[in-house]
Amino acid sequence: MAITALDRATLPQTRPNAEDVQKNTLRDHSRPFEATETPTRVKRLALITSEDLKTPTIAIPTITVAAGSLAVWAAVLYYGAYKKKVSAILTFPAMTAACFASFTPVHDGTHSSIAKGVYKKPINNLVGYLSGIPLNIPFGVYRQLHLLHHRHTNTDKDPDVWDARGPMVLRFFKWFVPDFFWIKAVLMGEVKDAKILDAALFYLSMFWMIKKMNDKGLAFIKYWIIPQRTAYWLLTWLFAYVPHRPDGGHTYNAKDNVYKMTSVTGGILYSNGLNLAIPLLNQHLHNIHHLYPQLPFTQYGAIWSKHKDALIAAGTEIHPVYSSTQEWKWDEGLDGRRKLR
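Values in this document were obtained by computation on a predicted structure and should not be read as measured data.

Calculation criteria
Residues numbered from 1 in each chain as written. Predicted model: local features only at pLDDT ≥ 70, side-chain atom pairs only at ≥ 80, totals over all residues. Heavy atoms only, no water. Axes fitted to C-alpha atoms, helices over the stretch in contact; angles between N-to-C directions. Helix = DSSP H or I, 4+ residues; strand = E, 2+ residues; numbered from the N terminus. Parallel < 35°, antiparallel > 145°, perpendicular 65-115°, else oblique. Left-handed = near helix turned anticlockwise from the far one by under 90°. Contact = heavy atoms within 4.5 Å. Nonpolar A, V, L, I, M, F, W, Y, C, P; charged D, E, K, R; others polar. Phe/Tyr/Trp six-rings, centres within 6.5 Å; stacked < 30°, edge-to-face > 60°. Buried < 20%, exposed > 50% of the residue type's maximum accessible area, 1.4 Å probe, protein only. Core = buried A, V, L, I, M, F, W, Y, C linked by side-chain atoms within 4.5 Å. Pairing = 2+ DSSP bridges. Polar contact = N/O pair within 3.5 Å; in protein donor to acceptor, adjacent residues only side chain to side chain. Patch = residues over 30% accessible without salt bridge, like charges linked within 9 Å, V, L, I, M, F, W, Y side chains within 5 Å. Areas by Shrake-Rupley, 256 points an atom, 1.4 Å probe, with all protein chains shown as cover. Salt bridge = Lys/Arg side-chain N within 4 Å of Asp/Glu carboxyl O. Arc of directions from axis to C-beta.

Visitor: Hey, could you run me through the packing of helix α5 (residues 88–110) against helix α7 (residues 139–151) in this one?
Guide: Packed helices, taken two at a time, are described by the angle between their axes plus the distance between the axes. For the pair α5 and α7, interaxial distance at closest approach is 9 Å and the crossing angle is 65°. Comparing their axes, α7 and α5 come out roughly perpendicular. In the packing of α5 onto α7, the handedness of the crossing is right-handed. Residues Phe-103, Val-106, His-107, Gly-109 and Thr-110 of α5 form the contact with α7, whose own contacting residues are Phe-139, Tyr-142, Arg-143, His-146 and Leu-147.

Visitor: Would you mind showing me how to read the packing of helix α4 (residues 60–82) against helix α11 (residues 219–241) here?
Guide: In contact at an axis separation of 10 Å, α4 and α11 are set at 160° when each is read in the N-to-C sense. Between α4 and α11, the interaxial angle falls into the category roughly antiparallel. For α4 against α11, the interelement crossing comes out right-handed. Packed against α4, whose contacting residues are Trp-73, Val-76, Leu-77, Gly-80 and Ala-81, the element α11 presents Ala-219, Tyr-223 and Trp-224 at the interface. Of the residues in the contact of α4 with α11, the class split is 7 nonpolar, 1 polar and no charged.

Visitor: Would you take a moment to explain the packing of aromatic side chains for this structure?
Guide: Between two aromatic rings, the relevant description is the distance of the centres plus the angle of the planes. Under the definition given, this model contains 18 aromatic pairs. Ring plane angle 45° and centroid distance 4.9 Å describe the contact between Trp-175 and Tyr-241, whose orientation is recorded as tilted. On the criterion of sequence distance, the pair formed by Trp-175 in the loop between α8 (168–174) and α9 (178–187) and Tyr-241 in helix α11 is long-range, its members being 66 residues apart. Like Trp-175, the residue Tyr-241 is buried in the burial classification. Put simply, the rings of Phe-172, Phe-173, Trp-175, Phe-176, Trp-233, Trp-237 and Tyr-241 touch in pairs and so form one group of aromatic residues.

Visitor: How should I be thinking about the environment of Tyr-270 in this particular structure?
Guide: Following the sequence through the fold, Tyr-270 ends up in the loop between β1 (263–267) and α12 (286–291). Spatially, the C-alpha atom of Tyr-270 lies 5.1 Å from that of Pro-320, the residues being 50 residues apart in sequence.

Visitor: What is the right way to read the nonpolar core from this model?
Guide: Where a protein is soluble and globular, its nonpolar side chains tend to be buried together. Of all hydrophobic cores here, the largest spans 43 residues; its most connected members are Leu-135, Ile-137 and Trp-237. Contributing elements (two or more residues each) for this core: α4, α5, α7, α9 and α11. By residue number, the principal contributor to this core is α11, which donates 13 residues. When neighbours within four sequence positions are excluded, Leu-135 is seen to be in contact with Cys-99, Ser-102, Phe-103, Gln-228, Ala-231, Tyr-232 and Leu-235. Ile-48, Val-65, Leu-291 and Tyr-300 belong to the second largest nonpolar core, which has 20 residues in total.

Visitor: Which parts of the structure should I look at to understand the pairing of β1?
Guide: Looking along a regular strand, one sees side chains alternate from face to face of the sheet. Counted residue by residue, β1 has 5 buried out of 5 residues, so it is predominantly covered. Relative to strand β2 (residues 317–320), β1 runs parallel, the two being bridged by 4 bridges. Each residue of the ladder has a partner; that of Thr-265, found in β2, is His-319.

Visitor: I tried to follow the side chain of His-149 on my own but got confused; where do I start?
Guide: You can see His-149 is positioned in helix α7. According to the relative accessible area criterion, His-149 is buried, its value standing at 3%. Within the local environment of His-149, its side chain forms a polar contact with the side chain of His-290, the two groups lying 3.2 Å apart.

Visitor: Would you explain a nonpolar patch on the surface in this entry?
Guide: On the surface, a cluster of nonpolar side chains totalling about 330 Å² of accessible area is made up of Val-169, Leu-170, Phe-172 and Phe-173. Here Phe-172 lies in helix α8.

Visitor: It is not clear to me how the pattern of salt bridges should be interpreted in this structure. Could you clarify?
Guide: Opposite charge on two side chains lets them pair, provided their charged atoms get close. Summed over the entire model, instances satisfying the criterion amount to 3 salt bridges. Measuring nitrogen to oxygen at the nearest pair gives 2.9 Å for the salt bridge that ties Arg-229 to Asp-179. On the criterion of sequence distance, the pair formed by Arg-229 in helix α11 and Asp-179 in helix α9 is long-range, its members being 50 residues apart. You can call Arg-229 buried: its relative accessible area is 17%. On the basis of relative accessibility, which here comes to 9%, the residue Asp-179 falls in the buried class. Residues Lys-260 and Glu-317 are paired through a salt bridge, measuring 3.5 Å at the closest nitrogen-oxygen approach.

Visitor: Before we go on, may I ask you to explain α9 in this structure?
Guide: The set of residues buried in α9 consists of Pro-178, Asp-179, Phe-181, Trp-182, Ala-185 and Val-186. Buried residues along α9 cover an arc of 155° about the axis, so they all sit on one side. Along α9, the residues that are exposed and aim more than 90 degrees away from the buried face are Phe-180 and Leu-187. Once α9 ends, the next one or two residues include Gly-189, with phi positive near 75°.

The structure is reproduced here in structure tokens:
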């Protein structure tokens, strides 16, 4: 069924009452989602079938990405920083890509979507902690902060709102150091159970390894830290800022409309541009992840392809990576941020 702009504009945005909840829990899942239905959390549960949400016992592709990124990271450090057999300029693209790719296994491990059943805790934790090494991410701390982001998306309690604060010129520099804000969150007691020991042990081990590699020159900076910071900048921009960018309808939270909390990144300059599935490992489908965080990244595409029209009708927006009318607001104050509710 064709969905017009008028259809989307006239969609009701109210929250369900108790009677609605009772009716919707009995809803026939075989009936297709209609564009005129209220896009609430309850309707979301009825939109996707249990077959769509079926996940593997072990997500082999996620483990493959983790192993591959760690292998490239280790190879660059050994043959570059330690053996000096290749220049840092030549290894820069490979190390940046390895650090960038390693984030997805960390992210999936955070949501325990790499394995389930008896393998759930050991595999998700193992892959999460190991994949965090190239980016110096203390997995235990990041997991708690990221789950808080999902619980409080686009509200004052969202620990990720820092990426949209201040004028764009300030954000540009902040995106190089997201781990600074994670450490700050730990020290300020924003992380439950204060995972200070977890973070301390992780960073001490990283410091020891860096010191060992740094006996001759600044090898670790050239071969690891500079590519790592580049990857961090790209990750923060593409995975944190763009999907929650404070333009358009990105002022919604879960109490308003779960479909408008995030968006789909459809291309670089145009919403229907380059398919970003491979370079971004499906993370351009950020709305699918927020709706169904238990899914491994490999399943986002199938959900979007199958239910794209219904999701757009319910309020999901598609935006390009770069929006010339929104990205550079030089007159925005230092305390500027997205409108929160």
